[in-house]
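In case you want the letters, here they are:
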Amino acid sequence: MKKRFAFVVFAGFLVLIAGLVFAGAAVQNVPAGQVGQSAAATPPCGPNLPAGIKNVAKDSRCFELRTYTVGAGSSLDLLHSRFRDHTTALFKKHGMTIIGYWQPVTKRDTLIYLLAYKDGAARDAAWAAFQADPEWVKTRAEMQVSVQVDNVFMSATDYSPMK
């Protein structure tokens, strides 16, 4: 019974993620070596979106789905260690809400995670503080991993159970 419930919850979460992605999302690609740095300011995301963006919840948070693909010669295990031992605590320190981390079973060079923020401005402020944090600067230098970063900004649909 517990396994079935856990599977149903997980499957529901995956459906939610797919719905968020298809609800209208902005994608940014960040070159390798630029981990955590966006190419531009966050697009409108979260509550109070422009009128032309339909089917989204007025009270949605800003969600960011991030995919890290490890470059040749770099270690996915080192990336996981960096997140496990350092990055997660720093995300929390700077006000980022961590929804979850995933290891795709068919893409063994990839880490996917989902963050939530009050809105796009809160996202930009959190990332600026994170990037400037001396602990992050030290961690990034000591645990270097070459990654290609893709991120998708999303707002929950008006019928989404997660906002």
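Quick note: structure is the one above.
Cut-offs applied
- Residues numbered from 1 in each chain as written.
- Predicted model: local features only at pLDDT ≥ 70, side-chain atom pairs only at ≥ 80, totals over all residues.
- Heavy atoms only, no water.
- Disulfide = S-S within 2.5 Å.
- Helix = DSSP H or I, 4+ residues; strand = E, 2+ residues; numbered from the N terminus.
- Buried < 20%, exposed > 50% of the residue type's maximum accessible area, 1.4 Å probe, protein only.
- Phe/Tyr/Trp six-rings, centres within 6.5 Å; stacked < 30°, edge-to-face > 60°.
- Salt bridge = Lys/Arg side-chain N within 4 Å of Asp/Glu carboxyl O.
- Expected span 1.5 Å × (residues − 1).
- Bend = angle between axes of the 7 residues up to and from the residue.
- Contact = heavy atoms within 4.5 Å.

## Observations concerning the state of the cysteines
Per the stated rule, a full pass over the model turns up one disulfide. Between the sulfur of Cys-45 and that of Cys-62 lies a disulfide, 2.2 Å long from S to S. Looking along the S-S bond of the Cys-45-Cys-62 disulfide, the torsion reads about 100°, which is the right-handed sense. One end of the pair, Cys-45, is in the loop between strand S1 (25–30) and strand S2 (62–70); the other, Cys-62, is in strand S2, and 17 residues separate them in sequence. As far as the burial class goes, Cys-45 and Cys-62 line up, both buried.

## Focus on the packing of aromatic side chains
For the coordinates displayed, the defined rule picks out eleven aromatic pairs. On the numbers, 5.5 Å between centres and 65° between planes, the contact of Phe-91 with Trp-127 is edge-to-face. Here the residue Phe-91 occupies a position in helix H2 (residues 76–93), and Trp-127 occupies one in helix H3 (residues 120–132), the gap between them amounting to 36 residues. The burial state of Phe-91 is the same as that of Trp-127; both residues are buried.

## Looking at the pattern of salt bridges
Applying the stated criterion to the full structure yields four salt bridges. The partner of Asp-133 in a salt bridge is Lys-93, with the nearest N and O atoms 2.7 Å apart. One end of the pair, Asp-133, is in the loop between H3 and helix H4 (134–142); the other, Lys-93, is in helix H2, with 40 residues separating them in the sequence. Among the ionic pairs, Asp-124 bridges to Arg-123, the shortest N-O distance being 3.5 Å. Under the relative-accessibility criterion, Asp-124 is labelled partly exposed at 29%.

## Side note on H2
Taking 1.5 Å per residue, 18 residues should reach 26 Å; H2 reaches 24 Å between its end C-alpha atoms and fits that length. In H2, a bend of some 45° at Phe-83 exceeds every other bend along the element. In this fold, the buried residues of H2 make contact with S2, strand S3 (97–102), strand S4 (110–117), H3, H4 and strand S5 (147–155). At the exit of H2 stands Gly-95, carrying a positive phi of roughly 80°.

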